[in-house]
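What the coordinates show
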Amino acid sequence: MQLEYFQLIDRILDLNLDEKTITVEAQVPKQSTIFEGHFPGYPIMPGVLLIESMAQTSGWLLLALFKFERMPFLAAVKEAKMRGFVPPGELLTIEASLVHEGSGYAITDAKIKVGGKLRCNSTITFSHVPFPNPDLRGHMDAVAKRIGFPQQALQS
């Protein structure tokens, strides 16, 4: 993870387009300025960053389902539940599945586990539009390469 750049996904473990699911990993850094203020003497990953991790995971699933022709943007977070703390150094397994897609919106269910134990989950809504400019598309292509996005998923 690179918290300062909101790059919260380290690698894609599994992408199943038939089942419309994705599983990724993210290693919470042992050291980050985030933990200096959240909380001194008791550092934990901020809940909003856990939600963002689930949103990014869902976003990669949607990018794959849209064959990189549309960019998903966070529209709503529903039923977000924090079920336990995530201290620095933990390895997150993040899963997302598509619940609904239509009329320019998509809904996913996502969850984060640490060591097989559920730490948080949420239902997340996205709007999706054609890529607004080539710079964003280029950036997403570069990140996809870094996290091991399976290029075969883009072939029909």
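Located above this text is the structure these notes cover.
Residues numbered from 1 in each chain as written. Predicted model: local features only at pLDDT ≥ 70, side-chain atom pairs only at ≥ 80, totals over all residues. Heavy atoms only, no water.

With the rule as written, the count across this model stands at 5 aromatic pairs. Look at Trp60 and Phe68: their rings are 6.2 Å apart centre to centre, the planes differ by 40°, and that puts the pair in the tilted class. Side by side, Trp60 and Phe68 carry an identical accessibility label, which is buried. Here the aromatic rings of Phe68 and Phe131 are separated by 6.4 Å at their centres, their planes lie at 15°, and the arrangement is stacked. A residue pair is termed long-range when its members are at least 10 positions apart, and Phe68 in the loop between α2 (47-65) and β3 (70-82) and Phe131 in the loop between β6 (117-130) and α3 (134-147) qualify at 63 residues. The burial state of Phe68 is the same as that of Phe131; both residues are buried. Through a chain of ring-to-ring contacts, three or more aromatic side chains come together here, namely Trp60, Phe68, Phe131 and Phe149. (Phe/Tyr/Trp six-rings, centres within 6.5 Å; stacked < 30°, edge-to-face > 60°. Buried < 20%, exposed > 50% of the residue type's maximum accessible area, 1.4 Å probe, protein only. Helix = DSSP H or I, 4+ residues; strand = E, 2+ residues; numbered from the N terminus.)

As for its position among the elements, Ser122 is in strand β6. On the basis of relative accessibility, which here comes to 3%, the residue Ser122 falls in the buried class. A polar side-chain atom of Ser122 sits 3.0 Å from the main-chain carbonyl oxygen of Lys78. Setting aside chain neighbours within four positions, we find Ser122 in contact with Met54, Val77, Lys78, Glu79, Ala80, Thr108, Asp109 and Ala110. (Polar contact = N/O pair within 3.5 Å; in protein donor to acceptor, adjacent residues only side chain to side chain. Contact = heavy atoms within 4.5 Å.)

All right, on to the environment of Pro40 then. Among the secondary structure elements, Pro40 is positioned in the loop between α1 (34-37) and α2. Accessibility expressed as a relative area gives 64% for Pro40, which makes it exposed. Along the sequence, Pro40 and Glu69 sit 29 residues apart, while their C-alpha atoms lie 43 Å from each other.

A few words on the pattern of salt bridges. The full count for this structure, using the stated rule, is 4 salt bridges. In this structure, Lys111 and Glu95 form a salt bridge, with 3.6 Å as the shortest nitrogen-oxygen distance. Here Lys111 is found in strand β5 (residues 105-114), whereas its partner Glu95 is found in strand β4 (residues 91-102), with 16 residues between them in sequence. Given the relative accessible area of 31%, Lys111 is considered partly exposed. A salt bridge links Asp141 to Arg137; the shortest N-O distance between them is 3.0 Å. (Salt bridge = Lys/Arg side-chain N within 4 Å of Asp/Glu carboxyl O.)

A volume near 380 Å³ is recorded for the largest pocket. What lines the largest pocket is a set of 22 residues, among which Glu52, Gln56, Trp60, Met71 and Met140 lie closest to the centre. Here the residues of the lining of the largest pocket sort into 16 nonpolar, 4 polar and 2 charged. (1 Å grid on protein atoms, 1.4 Å probe; cavity = no way out; pocket = protein on both sides within 12 Å on 5 of 7 lines; lining within 4 Å. Points joined across faces, edges and corners; volume = space filled by probe spheres on them. Nonpolar A, V, L, I, M, F, W, Y, C, P; charged D, E, K, R; others polar.)

What follows concerns the sheet that holds strand β1 (residues 11-16). Taken in spatial order, the 6 strands make up an open sheet running β1-β2-β4-β5-β6-β3, and their pairing is antiparallel. Either end of the sheet is taken by a strand with one partner, and the two such strands are β1 and β3. Going from strand to strand, the sheet's axes swing by 25° on average, the running direction of each strand aside. Bridge count for β3 against β6 is 10 bridges, and the pairing is antiparallel. In the sheet register, Lys81 faces β6, and the bridge partner there is Asn121. (Pairing = 2+ DSSP bridges. Axes fitted to C-alpha atoms, helices over the stretch in contact; angles between N-to-C directions.)

Consecutive side chains along a regular strand alternate between the two faces of the sheet. Going residue by residue along β5, you find Ala106, Thr108, Ala110, Ile112 and Val114 tucked away on one face and Tyr105, Ile107, Asp109, Lys111 and Lys113 left uncovered on the opposite face. By the bridge criterion, 10 bridges tie β4 to β5 in an arrangement that is antiparallel. Bridge pairing in β5 links Leu98 to Thr108. Connecting the antiparallel pair β4 and β5 is a turn made up of 2 residues, with Ser103 showing a positive phi of about 55°. Note that β5 and β6 share 10 bridges and pair antiparallel. Directly across from Ile112, in β6, lies its bridge partner Cys120.

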